[in-house]
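Commentary on secondary and tertiary structure
Listed below are the residues making up each chain.
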Amino acid sequence: MPRSVSGVEMRKRQAAHIEAPPQAPGQPRPNTCCLCWCGCCKCLWNEDRIERSERQTCTKMDSIEATEEQHPSLEEVLSWARSFEMLLRSLEGREIFQEFLRSEYSEDNLLFWLACDELKKETSPSAVDEKARIIYEDYVSILSPKEVSLDSRVREGINQSLAEPSNLMYEEAQLQIYTLMHRDSFPRFLNSSVYRDLLASRRRTCLET
């Protein structure tokens, strides 16, 4: 004869049936494992889940800290005002300066200078040929989509160098653009709200800490 089920055991089974959502055949209940159907904190499945959650939290915190570290310090921001060269050497400085130049529609001058600087570091002949051609098509050619303030003499010298490109073929043009940005754009940048707001923000941060 079938074993009789007590009233207490029957109520437990009914309560478990009501509390548990319907599951597809062969699938365990959420937050449980095949060895522990109660979902208690001592279950190996739960321990693994908690560990994964902690790792994700640490990753998020590391990401936040890395983002905060990218902000330039007050000393670095002040150094930009003392030296245009230091501004260009700083990644954050170049990005902020580029933002300012974009507002003056002269961003291409900085992009050209950076492209020439990268070409100087190139040693592979095939890479030099390719990068020199790209710079010419982007910034120097009369059909180029970008505008760079180069005089006709410098442009002619570049045209003559195209037959045998080198990693230094834009050196004179790069110097001309550097001088232009240093003389005209840099003083306006230091007086702009872009720079002044950043400087004020860095000073407030130092006072708060």
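Treat the numbers as computed from the prediction; the structure is a model and nothing was measured.

Attention now moves to the overall build of the protein chain. Within the protein chain one finds 10 helices and 0 strands. In sequence order, the secondary structure elements of the protein chain are arranged as α-α-α-α-α-α-α-α-α-α. Across the 209 residues of the protein chain, 30% fall into the buried class. Per element, the accessible surface of the protein chain, about 14,600 Å² overall, is 54% carbon and sulfur.

The terminal C-alpha atoms of helix H7 (residues 125-140), which comprises 16 residues, lie 21 Å apart, in line with the 22 Å expected from a rise of 1.5 Å per residue. Taken as a whole, H7 has its buried residues at Ala127, Val128, Ala132, Ile135, Tyr136, Tyr139 and Val140. Along H7, the residues classed as buried sweep out an arc of 160° about the axis, all on the same side. Contact partners of the buried residues in H7: helix H6 (107-121) and helix H8 (152-161).

On inspection of all chains with the given rule, the structure shows 10 aromatic pairs. A centroid spacing of 5.7 Å and a plane angle of 80° characterise the contact between phenylalanine 84 and phenylalanine 97, whose relative ring orientation is edge-to-face. Placement of phenylalanine 84 in helix H4 (residues 84-89) and of phenylalanine 97 in helix H5 (residues 91-103) is noted, with a sequence separation of 13 residues between them. The residues phenylalanine 84 and phenylalanine 97 share a single accessibility class, namely buried. Pairwise contacts between aromatic rings join Phe84, Phe97, Phe100, Trp113, Tyr178, Phe186, Phe189 and Tyr195 into one cluster.

Our focus in this paragraph is the pattern of salt bridges. Within the structure shown, the criterion is met by 9 salt bridges. Residue glutamate 85 pairs with arginine 89 through a salt bridge whose shortest N-O separation is 3.6 Å. Of the two residues, glutamate 85 and arginine 89 are both situated in helix H4; the distance of 4 residues between them amounts to about one turn of the helix. Note that lysine 131 and glutamate 122 form a salt bridge whose closest N and O atoms lie 3.0 Å from each other. Under the relative-accessibility criterion, glutamate 122 is labelled buried at 19%.

The next point concerns unusual backbone geometry. Despite not being glycine, tyrosine 105 shows a phi value in the positive range, around 60°. Along the chain, the position of tyrosine 105 falls in the loop between H5 and H6.

Moving on, we get to the nonpolar core. Ranked by internal contacts, the top residues of the largest apolar core, which has 37 residues, are Phe97, Phe112, Leu150, Ile158, Tyr170 and Phe189. With 7 residues, the top contributor of residues to this core is helix H9 (residues 171-190). Excluding residues that lie within four positions of it along the chain, leucine 150 makes contacts with Phe112, Val140, Arg155, Ile158, Ala173, Gln176 and Ile177.

Bringing the environment of leucine 175 into the picture now. Positionally, leucine 175 belongs in helix H9. Looking at leucine 175, the relative accessible area reads 53%, which means it is exposed.

Moving on to the confidence of the model for the protein chain. Per-residue confidence for the protein chain gives a mean pLDDT of 79, with 66% of residues at or over 70. For residues 16-20, every residue scores under 50 in pLDDT, and the model assigns this stretch 1 contact once sequence neighbours within four places are set aside. With pLDDT under 50 throughout, residues 28-47 is counted as low confidence; its partners more than four residues away or in other chains account for 21 contacts.

Definitions and limits used
- Residues numbered from 1 in each chain as written.
- Predicted model: local features only at pLDDT ≥ 70, side-chain atom pairs only at ≥ 80, totals over all residues.
- Heavy atoms only, no water.
- Helix = DSSP H or I, 4+ residues; strand = E, 2+ residues; numbered from the N terminus.
- Buried < 20%, exposed > 50% of the residue type's maximum accessible area, 1.4 Å probe, protein only.
- Areas by Shrake-Rupley, 256 points an atom, 1.4 Å probe, with all protein chains shown as cover.
- Expected span 1.5 Å × (residues − 1).
- Arc of directions from axis to C-beta.
- Contact = heavy atoms within 4.5 Å.
- Phe/Tyr/Trp six-rings, centres within 6.5 Å; stacked < 30°, edge-to-face > 60°.
- Salt bridge = Lys/Arg side-chain N within 4 Å of Asp/Glu carboxyl O.
- Core = buried A, V, L, I, M, F, W, Y, C linked by side-chain atoms within 4.5 Å.
- pLDDT = per-residue confidence, 0-100.

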